[in-house]
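Observations on the model geometry
If you want the building blocks of each chain, they are given just below.
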Amino acid sequence: MFSGLLAMAGLGAAFLFVPFFYYLGVPLAEAAPAALLLNAISLSFATVNYWRGRLIDWRIALPIAAIAVVFAPLGARLTPHVDKSTLLFLFAVFLVFAGGMMLFYQGQARAQNAGSARVWLVGAGVGSTAGFIGGLLGVGGGNIIVPALNWLGLDAKRAAATCAVAVVFSSLSGFFGHVSFGKMDVTFLGIMALMAAGGSLIGSQLMKEKLSSGQLKKVIGIALWLIAAKMFFDVFK
């Protein structure tokens, strides 16, 4: 269910998988890398669907992915040394802003007309931030990339599809950065991967064929606010 909903937004469900696994009794050191790996698997299937639908803007996806791959393991390596409560609080504040932007902001399609130098500059900024924070928290970074792409002017569907490509690589890179801190339960991971892949295929197909851009923005905004509420609850409980 998580993968299906968030595949529609191109986000991946790692930031929901982490608390979900943790509350099931999976140690946090194992929950974060497992969530990132599932993120990569589920969004790989979604990316294929988006590629077939010609929704991916490769000019923007590739630089974001390239930079995120570098910064995600750096964030992952810092995880044991940083106060997570502070980071979660700041991240939740950002998600409130990002969700409001998805629900109320009307962007103009100007990023698609940008030159190559500007595309790489934007990709470096978005990719480094999303990769580092995504690796640090074990969330993949999609919830940073999608609002940024929408603010830059990409259509909501193209932003979600473009983000999915970057998050696949960011999640894999973050996973390898985290993996040395914990061991993997292969059986558990395999079962969850199958469920995540199936949900992602269904969600991405719905996004491609059934939802308008306006509807998708509402889905993204509400999802981000729900995630923020969960983070605030975890910080202050």
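Residues numbered from 1 in each chain as written. Predicted model: local features only at pLDDT ≥ 70, side-chain atom pairs only at ≥ 80, totals over all residues. Heavy atoms only, no water.

**What about the overall build of the protein chain?**
Per the secondary structure count, the protein chain includes ten helices and zero strands. Along the protein chain, helices and strands appear, N-terminal first, in the series α-α-α-α-α-α-α-α-α-α. Here the protein chain, with 237 residues, has 52% of them falling under the buried criterion. As displayed, the protein chain offers around 10400 Å² of accessible surface, 71% of which is attributable to carbon and sulfur atoms. (Helix = DSSP H or I, 4+ residues; strand = E, 2+ residues; numbered from the N terminus. Buried < 20%, exposed > 50% of the residue type's maximum accessible area, 1.4 Å probe, protein only. Areas by Shrake-Rupley, 256 points an atom, 1.4 Å probe, with all protein chains shown as cover.)

**Section: the pattern of salt bridges**
This model, assessed by the stated rule, comprises one salt bridge. Here Asp-234 makes a salt bridge to Lys-230, at a shortest N to O gap of 3.3 Å. Pair noted here: Asp-234 and Lys-230 are both in helix H10 (residues 213–236), with a separation of four residues, about one helical turn. Since its relative accessible area comes to 25%, Lys-230 is described here as partly exposed. (Salt bridge = Lys/Arg side-chain N within 4 Å of Asp/Glu carboxyl O.)

**Quick notes on the packing of aromatic side chains**
Tallied over the entire structure, the rule returns four aromatic pairs. Ring centres of Phe-89 and Phe-236 lie 5.9 Å apart, and the angle between their planes is 85°; on these two criteria the pair is classed as edge-to-face. Remark: Phe-236 occurs in helix H10 and Phe-89 occurs in helix H5 (residues 84–104); sequence separation between them is 147 residues. Overall, the relative accessible area of 59% leaves Phe-236 in the exposed class. (Phe/Tyr/Trp six-rings, centres within 6.5 Å; stacked < 30°, edge-to-face > 60°.)

**Some words on the packing of helix H4 (residues 58–78) against helix H8 (residues 156–178)**
How two helices pack is summed up by the angle between their axes together with the distance between the axes. One way to put it is that H4 packs onto H8 with a least axis distance of 7 Å and a crossing angle of 20°. The angle between the axes of H4 and H8 places the two elements in the roughly parallel class. In terms of crossing hand, the pair formed by H4 and H8 is right-handed. Residues Trp-58, Ile-60, Ala-61, Ile-64, Ala-65, Ala-68, Val-69, Ala-72, Pro-73, Ala-76 and Arg-77 of H4 pack against Thr-162, Val-165, Ala-166, Phe-169, Ser-170, Ser-173, Gly-174, Gly-177 and His-178 of H8. (Axes fitted to C-alpha atoms, helices over the stretch in contact; angles between N-to-C directions. Parallel < 35°, antiparallel > 145°, perpendicular 65-115°, else oblique. Left-handed = near helix turned anticlockwise from the far one by under 90°. Contact = heavy atoms within 4.5 Å.)

**Remarks on the packing of helix H7 (residues 142–152) against H8**
Where H7 contacts H8, the axes come no closer than 9 Å and their chain directions differ by 145°. Pair H7 / H8 crosses with right-handed handedness. Taken together, the residues of H8 that come into contact with H7 (itself represented by Gly-142, Ile-145, Val-146, Leu-149 and Asn-150) are Ala-156, Ala-159, Ala-160, Thr-162, Cys-163, Ala-166 and Val-167.

**Description of the confidence of the model for the protein chain**
Taken as a whole, the protein chain shows an average pLDDT of 76; of its residues, 72% reach a score of 70 or greater. Mean pLDDT in the protein chain bottoms out at helix H1 (residues 2–9), which sits at 56, and peaks at H4, which reaches 89. (pLDDT = per-residue confidence, 0-100.)

**With respect to a nonpolar patch on the surface**
A contiguous nonpolar patch, built from Val-48, Trp-51, Trp-58 and Leu-62 and spanning about 420 Å² of accessible area, is present on the exposed surface. Every element with two or more residues in the nonpolar patch is listed here: helix H3 (28–52) and H4. On the accessibility criterion, Trp-58 (38% relative accessible area) is partly exposed. (Patch = residues over 30% accessible without salt bridge, like charges linked within 9 Å, V, L, I, M, F, W, Y side chains within 5 Å.)

**Description of the environment of Ile-56**
Examined against the element boundaries, Ile-56 turns out to sit in the loop between H3 and H4. Linking Ile-56 and Ala-164, residues 108 residues apart in sequence, is a C-alpha distance of 8.7 Å. Apart from the residues within four sequence positions on either side, Ile-56 is in contact with Thr-47, Tyr-50, Trp-51, Ala-61, Arg-158, Ala-161, Thr-162 and Val-165.

**Points about unusual backbone geometry**
Of note in this structure, Arg-54 is not a glycine but carries a positive phi near 55°. Along the chain, Arg-54 falls in the loop between H3 and H4. Overall, Arg-54 belongs to the exposed group, its relative accessible area being 73%.

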